[in-house]
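Architecture and fold: a report
One-letter residues, chain by chain:
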Amino acid sequence: MKPSLIVITGPTASGKTGRAVHLAKAIDGEIISADSRQIYRGMDIGTGKDIEEYGDVPAHLIDICPAGYKYNLFEFLRDFEEARRDIESRGKFPILCGGTGLYVESVLKGLRLPEVPANPTLRSELEGKSLEELTAILASMKSLHNVTDVDTAKRAIRAIEIQKYYQEHPDAARQAEPHPLTDALVIGVDIDREARRERITRRLHTRLEQGMVEEVRRLLDSGIAPDDLIYYGLEYKFLTLYLTGQLSLEEMTSRLEIAIHQFAKRQMTWFRGMEQRGFPIHWLSYTLEPNEFTNQILTLAEMDC
């Protein structure tokens, strides 16, 4: 059975975008980004948008929110469905591309999340609790298959807020029950650890040379609060700490490189977890030439160019 959706995922610096673009050109497709930070305008170098790489291939869910905003899973699933319907209505093929495992798995699960309003009273009650305490509270409310989506106190509080809303609104909880996609083909870009580490290091220094520090300085100068940039993690966290005088240039570069390596390792842990949770990933080597990579996908999908 031919898939209705092809997913191209993998760890950071594995070359996902180029593979997705090549595939899109072969099958008259359009790309939907599954990157939790590329949605923000003005956050270009640090998120690796590489807009020029898309050429004339349309890309959706990139530059749709202002920097400083806190986009969430509910919004992503809503916007993904809207983009997918738009692509299909024009006779094009949707390709989901990105390394945010939570986004990718949520699409494959067929999640439909109701909008959950803020609960100021609950937030006040939880304020000041440690991440460990918050995670324990959340674990008492639901099964935690993976905790990388609650790796900060703010995210944990939001997760608790959502679960409490579901407890108080059973209809909303039923609406949120997943309806897994059974006709999606998931492709992973397979890159060995050493090659991944080398590419991450080289890419980091290239981005610094391209003006990543200046990009973050412009965001701060535009009025975005340092804490709001730190919230996005990785490049924006460590560059903000550097620009606000909390780290030296050498400390920032060293700690950021380590953090990106750790992030890539967490991504791979998530993907292995996805496979254990019943979402098969077909891993294709990053060393394959673009034509061969695309041809292998088409064979798996039983599709012709």
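Preceding block: the structure.
Conventions used here
Residues numbered from 1 in each chain as written. Predicted model: local features only at pLDDT ≥ 70, side-chain atom pairs only at ≥ 80, totals over all residues. Heavy atoms only, no water. Pairing = 2+ DSSP bridges. Helix = DSSP H or I, 4+ residues; strand = E, 2+ residues; numbered from the N terminus. Core = buried A, V, L, I, M, F, W, Y, C linked by side-chain atoms within 4.5 Å. Buried < 20%, exposed > 50% of the residue type's maximum accessible area, 1.4 Å probe, protein only. Contact = heavy atoms within 4.5 Å. Axes fitted to C-alpha atoms, helices over the stretch in contact; angles between N-to-C directions. Left-handed = near helix turned anticlockwise from the far one by under 90°.

1. Considerations on the sheet that holds strand β4 (residues 59-60)
Spatially, β4-β2-β6-β1-β7-β8 is the arrangement adopted by the six strands of the open sheet, whose pairing is parallel. Of all the strands in the sheet, just β4 and β8 (282-285) have a single pairing partner and so form its edges. Looking at chain direction, strand β2 (residues 29-33) and strand β6 (residues 93-97) are connected through five bridges and run parallel. Its bridge partner lying in β6, I32 is registered against L96.

2. Let's talk about the nonpolar core
Grouped together as the largest cluster of nonpolar side chains are 54 residues, with contacts concentrated most on F76, L96, L229, L256 and M274. Sorting elements by how many residues they give to this core places helix α12 (residues 249-276) first, with nine residues. Counting residues in each nonpolar core, the second largest holds 24 residues, with A20, I95, F293 and A301 among its members.

3. Description of the environment of A176
Here A176 is to be found in the loop between α7 (170-175) and β7 (184-190). The class for A176 is buried, based on a relative accessible area of 10%. Spatially, the C-alpha atom of A176 lies 22 Å from that of D35, the residues being 141 residues apart in sequence. Leave out the neighbours within four places in its chain, and A176 touches L111, R112, L113, P114 and Y166.

4. Observations regarding the packing of helix α1 (residues 16-27) against helix α13 (residues 290-301)
It is at 9 Å that the axes of α1 and α13 come closest, and there the two elements cross at 65 degrees. In the packing of α1 onto α13, the handedness of the crossing is right-handed. Here α1 contributes R19, H22, L23, A26 and I27 to the contact with α13, which in turn contributes P290, N291, F293, T294, I297 and L298.

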